[in-house]
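# Fold and geometry: a report
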Amino acid sequence: MDHEQRVEHCSDSEDLFGDYDSLLEDTSLLAKLEQVERAESDKVAAVPPAKDKDLLTDSILDAVDEDSLQESLPSSQQEFVQQQAKRSKVHGGLASSILQRGGPEHGKRRSVSERLKRTMQCNAATASSLSRSLALKEAVLSDEISDAVQAMEVVSAHTTDLGPFFGLPSKVKTLLSELRGISSLYAWQETCLRLECVQQRRNLIYTLPTSGGKTLVAELLILREVVCRKKDCMFILPYVSLVQEKVRGLAAFGLELDFLVEEYAGSKGKFPPVKRRGGQRSLYIATIEKAHSLVNSLVESGRLDDVGLLVVDELHMLGDGSRGALLEITLAKVSYLSSHTQIIGMSATLGNIGDLQTFLNAENYNNDFRPVQLREYVKVGDGIYEVEPKEDDCFRLRRRMEVKYSSAMQKVDPDHIVALVTEVIPRHSCLIFCPTKKNCENVAVMICKYLREDFLRQRQAEKEALLRELKDGGNGSVCPVLRRTVPYGVAYHHSGLTGEERKLVEDAYSDGILCLLACTSTLAAGINLPARRVILRSPYVAGDLMKTSQYKQMAGRAGRAGLDNEGESILIVQDKERLKAKALVCAPMEKCYSCLLDNDGKSLLNLILSLVGLKVSTSVEKLHDFLRGTLLFVQQEQLCRQSSLNAVLHQGVQLLEVKGLLHTQGDVLQVTRLGRATFKGSVDLSHSQVLYQDLSTGLEGLLLSSYLHLLYLVTPYDMALQCTPDWMTFYAQMALLSAAEQSMCALIGVPESLVARKAAGQALKKSANMAPVKRMYLAMVLMALLKENNLWAVAQKFQLSRGFVQSLLTSAAAFCSCVFHFTQELDEMWPFWSLLEALTRRLSYCVKAELIPLMEVAGVMEPRARQLHAAGYKTLTHLANADPAILVRTISHLNRKQANQMVASAKMLLNEKAAALQQEVDELLTAPADLPPPPAD
């Protein structure tokens, strides 16, 4: 039809370059070449033609050796040259006859510009091709993926043939061998991967002891989903350190198998995630908090079905307070809204597995396999008793401690810890779990006091290098305890260390440079650091008797697969604690209960608000229907004894209406503006109204001459509760503030006079609100960090532990991101949008601007970023294109595995950024679906 727009196509012979004669933006280049060629032409014309010389040269470029030129070309252009050579042979006779006959063009030389234009046209017309070997490899991989998909579609209970490698291409097996050193699977892993419920994509919970190889099965299932089924996957882990470790470990697989690995932890992660072009899929590795926000964003954008598999590590975290409730909410939403998403849960410690199976509609696989046999012992007095649950007393005496202690040493070490550790170190490794952070440091120092001098000579150079790295990471400062203990191969590990220190200590222990760590119980639930012997200093954790699940996790760290034949744990108890120890080590695992009703049902209120806000359930009846798919519903008889679940639900809806977060229009529940901002920003319900008031007050006189006011607004409320200011330091820092900053402090309820009275030891009125005062103290800590970039100096200045300061910085960055999303839902808060987005980035890294691109790489801390920058690797592109072998030679104290992971992570980040930009381009160039039709004639 006439009114239809015609599509124009370019002819193969069309001059696409026209009069454009620019190379590298130098428009005079071709003109210079033309001038040189004309001069050459004049010289040739002045020379008599030789009889045996062909003057019909095409141009001065013909003097270049064709063989050397062809070797320097990329593969696609080499193929083009070879094709042209074949054509020349075929038409050689015809060409020579034309030249012999002469004609109007006889003796005419084509100009350089024409030659280059013709070459560029031919290059553009030639399809780029890879090397034949690489093309064959890709073809084999594509065929294997197709076979795996077909096998999964037809698999049944009677067939276990899943393709080359458990439904995955054989390339995955090669990658496991090259990247992980895994050449074969354990028998239980093969059995689990062949389970009918796994092949039919039904939900599964599998349980094994610690160090049994659970994670590898989950990773293979993820790879099968993302590579073969072309679906996104989500991997939920309990801690930021575990997320970062897993991102580093799987980045290389993503590069080789063409999928993206995206980190969702702290302040990282985009909501909703970028939808990738060309069918490329993503693996989202997230903490519990970030996974909840991610699922909400996918529900809101209608993309939850894109997630084919959700894997939860440490499934027993369902019973862990507010974090457990958040995990339960996330799983319930996925189960309720996406019938296509398979859920896999794994744990080492689960009691009431039946309740969890009902909750997730899952099957169960359990095995007691351990690659290294674990022997559990209890030390009472000088007796070492082996744990025998079948015995009447639960304990069987194995040996007596025969130690020659002096009376002074007996007083210092009545539990014979030094004797127990020297039985295994330095040849083998040892972990000592202590009840408090201070006890960790004291035990480490006490042990070193009695170690022989030959411990100092074990890997001495590497220990000295570790101390130098600790000093670099602390901007010239080293913890005095570590300075004393590291030369003996001993260190402590708890939350009082900075992130850089923890990473260095963990790596040194993994490499055998350190042979003993005195640590708190959090290490057992963190990254995998096994030992030949594990010693539990006490059956208490922070004053409370530890749970059986905690004991099993700590004891389970004993035994290093591939290094030891067995592992042993020793629990030290006093004689009066013998019965408690028996109950601890021989009791069945604790049951896991829903935490939705904990803290006056605050988590249930969060669930109701998000369901209404996402329009999943817009009435009380629909809310009750959703609750049928929660763990709380499964356990309502035990947890809802005082009132029915329906009554609890009605009370929750009424309370949200009173708080101004919900309102009812007819029979339909709707969120208010504040309610929507609260659930979109993942802000705690108890803080949302206070936060809104603080932000509104801030708008009336927002101080922009410094960061202090903004930092106060994003200082986490719960961190203030953990802080007791040093009032003299507080008063001294307030005296250094500008007049504008002091006025701002007075406006929010922190006048200088109040701090002065506290510094002088005077009492305050009972009505004084100390919450904003403590938050302002922490805001000053954050401002000092942004100015000085020296965590050690700031911690010392404000009389806080460096671990607390590190935690404050991390929490503030995450809360700043939450406040940013909170304000985006409130139009009146528009002045904060750009400010908070920039502040989130500053707080996330808190380093000099030039180091931020390198700090984006998972696992790269500030000291490593400074090393890389000094060596010339200044951008993400530099690092992504680096040779790991050269990095190892250039960067001190960097091993090959770390270099490979670093480069792979940088490449993955670069691919992710490129994919996001390409997606934005595609969206800009795509015609809108609601484009008005052309007017009728």
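Here, the structure is the one placed above.
Residues numbered from 1 in each chain as written. Predicted model: local features only at pLDDT ≥ 70, side-chain atom pairs only at ≥ 80, totals over all residues. Heavy atoms only, no water.

## What about the sheet that holds strand β10 (residues 395–400)?
The condition that has to hold: Two strands pair under a simple rule: DSSP has to find at least two bridges between them. Numbering goes from the N terminus for both helices and strands, where a helix is a DSSP run of H or I of at least four residues and a strand is a run of E of at least two. Note on geometry: axes are lines fitted to C-alpha atoms, helical ones only across the stretch in contact, with angles between N-to-C directions running from 0 to 180 degrees. By definition, residues are in contact when any of their heavy atoms lie within 4.5 Å.
As summarised here, the arrangement of the eight strands in space is β10-β9-β8-β17-β14-β11-β13-β12, forming an open sheet in which the pairing is mixed. Every other strand in the sheet has two partners, leaving β10 and β12 (490–493) as the edge strands with one partner each. Here the strands of the sheet are splayed against their neighbours by 25° on average, with no regard to which way each runs. Sheet topology places strand β8 (residues 373–380) next to strand β17 (residues 566–573); eight bridges connect them, and they run parallel. Opposite Val 378, over in β17, you have Leu 571 as the bridge partner. Its contacts with the sheet place helix α20 (residues 499–510) against β11 (430–433), β12 and β13 (516–519), and it is angled at close to 135° to β12.

## A short note on the pairing of β17
As a reminder, the rule being used: The rule is simple: take the accessible area with a 1.4 Å probe, protein chains only, and divide by the maximum for that residue type; under 20% is buried, over 50% is exposed, in between is partly exposed.
A large share of β17 lies buried, amounting to seven of its eight residues. Where strand β14 (residues 533–536) and β17 come together, four bridges link them in parallel fashion. Residue pairing for β17: Arg 533 is matched across the bridge by Glu 568.

## Overview of the nonpolar core
Heads up, the rule is: In this text, buried Ala, Val, Leu, Ile, Met, Phe, Trp, Tyr and Cys residues form a nonpolar core when linked through side-chain atoms within 4.5 Å.
Counting 129 residues, the largest nonpolar core has Tyr 206, Ile 432 and Ile 447 as the members making the most contacts within it. For this core, the leading source of residues is helix α10 (residues 214–228), giving ten residues. Every residue in contact with Ile 447, bar those within four places of it in the chain, is listed here: Ile 417, Val 418, Val 421, Ile 432 and Leu 516. Counting residues in each nonpolar core, the second largest holds 126 residues, with Leu 294, Met 317, Met 719 and Met 776 among its members.

## Here's the deal with a nonpolar patch on the surface
Note the following rule: Patch definition: residues above 30% relative accessible area lacking any salt bridge, with like charges linked at up to 9 Å and the nonpolar side chains Val, Leu, Ile, Met, Phe, Trp and Tyr linked at up to 5 Å. To measure how exposed things are, a 1.4 Å probe is used in the Shrake-Rupley method; for residues, cover is taken only from the protein chains shown. We define a salt bridge as a contact between a side-chain nitrogen of Lys or Arg and a carboxyl oxygen of Asp or Glu at a distance within 4 Å.
A surface patch of nonpolar side chains, amounting to about 340 Å² of accessible area, comprises Val 921, Leu 924 and Leu 925. One can find Leu 924 in helix α43 (residues 896–925).

## Side note on unusual backbone geometry
Negative phi characterises most residues that are not glycine, and trans characterises most peptide bonds. For the peptide bond that leads from Phe 271 to Pro 272, omega is -15°, which places it in the cis range. Along the chain, Pro 272 falls in the loop between β3 (259–264) and β4 (281–286). Note the cis peptide between Ile 425 and Pro 426, where omega equals 5°. With respect to the helices, strands and loops of the structure, Pro 426 is situated in the loop between α16 (417–422) and β11. A positive phi angle, close to 65°, is found at Asp 258, a residue other than glycine. If you trace the backbone, Asp 258 turns up in the loop between α11 (240–257) and β3. Positive phi is not limited to glycine here, since Asn 789 has a value of about 55°. Counting through the fold element by element, Asn 789 comes out in the loop between α35 (771–788) and α36 (791–797).

## Considerations on the pairing of strand β19 (residues 668–671)
Only one face of β19 is covered, namely the face carrying Leu 669 and Val 671; the face carrying Val 668 and Gln 670 is uncovered. With four bridges joining them, strand β18 (residues 662–665) and β19 adopt antiparallel strand pairing. Bridge pairing in β19 links His 663 to Gln 670. In this antiparallel pair of consecutive strands, β18 and β19, the connection spans two residues, and Gly 666 shows a positive phi of 70°.

## Side note on the sheet that holds strand β7 (residues 363–366)
Sheet architecture is open: seven strands sit in the order β3-β4-β2-β5-β6-β1-β7, paired in parallel fashion. Strand pairing shows two members of the sheet lacking a second neighbour, β3 and β7, which therefore form its edges. Looking at each pair of strands side by side, their axes are set apart by 15° on average, direction ignored. Sheet topology note: the strand β1 (residues 204–207)/strand β6 (residues 342–347) ladder contains four bridges and is parallel. Each residue of the ladder has a partner; that of Tyr 206, found in β6, is Met 346. Seen against the sheet, helix α12 (residues 288–300) touches β2 (232–236), β3, β4 and β5 (307–312) and runs at an angle of roughly 150° to β2. Sheet strands touched by helix α13 (residues 321–337): β2, β5 and β6. Its angle to β5, the strand with the most contacts, is close to 155°.

## Observations regarding the state of the cysteines
For clarity, the threshold we go by: Note on terminology: disulfide denotes any pair of cysteine sulfur atoms within 2.5 Å.
One pass over the full model with this rule turns up one disulfide. Note that Cys 394 is cross-linked by a disulfide to Cys 586, the S-S spacing being 1.5 Å. Here Cys 394, found in the loop between β9 (383–387) and β10, pairs with Cys 586, found in helix α22 (residues 578–586); they are 192 residues apart in sequence, far enough to count as distant. In this structure Cys 434 is not part of a disulfide, and its nearest cysteine sulfur, from Cys 440, lies 4.2 Å away. Owing to a relative accessible area of 6%, Cys 434 belongs among the buried residues under this scheme.

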